[in-house]
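Fold and contact review
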Amino acid sequence: MTQSYNQIQKKIEALQRQADKLKSKEVHGVVARIKVAISHYGLTAEQLGLGSRSAAAKPAPARSVSTQSAKYGDGLGNSWSGRGPRPHWLRDAINAGRKLEEFLTGGVAAASSGTTKKKVGKKRPSKVLYRDGAGNSWSGRGPRPRWLKDAIAGGKTLEELMR
């Protein structure tokens, strides 16, 4: 027996309505059981992840990072040493408007308050050894710049380009 397209569409719609009714009935049953469990155990919205924080922003389980080496922590057991990619809990908090400095742990926060001085190496001034008439210069360190290669290819010598 062949069926037309319209007949199949009508059957699909009828089955979809039937499926929606069954789903609604099952959802009501599940919700009723959840309400019983909530009242029985005295669960709060915060415990269910429905409080001030959404379920999507729920902190990830703490990783096995030693608290001595943890540079950042959220007080909920999540920590990060500051090395490697930022963990999801920290990225989510920063995207939500918090600042990285808020998560510094006590030992690191005191050390980073400016009490310790960082050694600053002196930079040697670069000495220009080669110049052309157009304002280009090269110190003789690193690879030769294009202007120098072009000048040499054009017939100039390094001695002619020296200061």
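Here's a quick rundown of the structure. (Residues numbered from 1 in each chain as written. Predicted model: local features only at pLDDT ≥ 70, side-chain atom pairs only at ≥ 80, totals over all residues. Heavy atoms only, no water.)

**Brief notes about the overall build of the protein**
In terms of regular secondary structure, the protein is built from five helices and four strands. Put simply, the protein runs from its N terminus to its C terminus through helices and strands in the order α-β-β-α-α-β-β-α-α. When burial is assessed residue by residue, the protein has 12% of its 163 residues classed as buried. If you take every contact in the protein between residues at least 6 apart in sequence, the share linking residues at least 24 apart comes to 25%. Of the accessible surface of the protein, which amounts to about 13,800 Å², a share of 55% is contributed by carbon and sulfur atoms. (Helix = DSSP H or I, 4+ residues; strand = E, 2+ residues; numbered from the N terminus. Buried < 20%, exposed > 50% of the residue type's maximum accessible area, 1.4 Å probe, protein only. Contact = heavy atoms within 4.5 Å. Areas by Shrake-Rupley, 256 points an atom, 1.4 Å probe, with all protein chains shown as cover.)

**Here's the deal with the nonpolar core**
Tyr-72, Trp-80, Trp-89, Leu-90, Ala-93, Leu-100 and Phe-103 form the largest nonpolar core, which has seven residues in total. Once residues within four sequence positions are removed from consideration, Trp-80 is found in contact with Ala-70, Lys-71, Tyr-72, Pro-85, Arg-86, Pro-87, Trp-89 and Leu-90. (Core = buried A, V, L, I, M, F, W, Y, C linked by side-chain atoms within 4.5 Å.)

**Topic: the pattern of salt bridges**
If you walk through the whole model with that rule in mind, you get one salt bridge. Arg-98 serves as the salt-bridge partner of Glu-102, at 2.7 Å between the closest nitrogen and oxygen. For Glu-102, a relative accessible area of 44% puts it in the partly exposed group. (Salt bridge = Lys/Arg side-chain N within 4 Å of Asp/Glu carboxyl O.)

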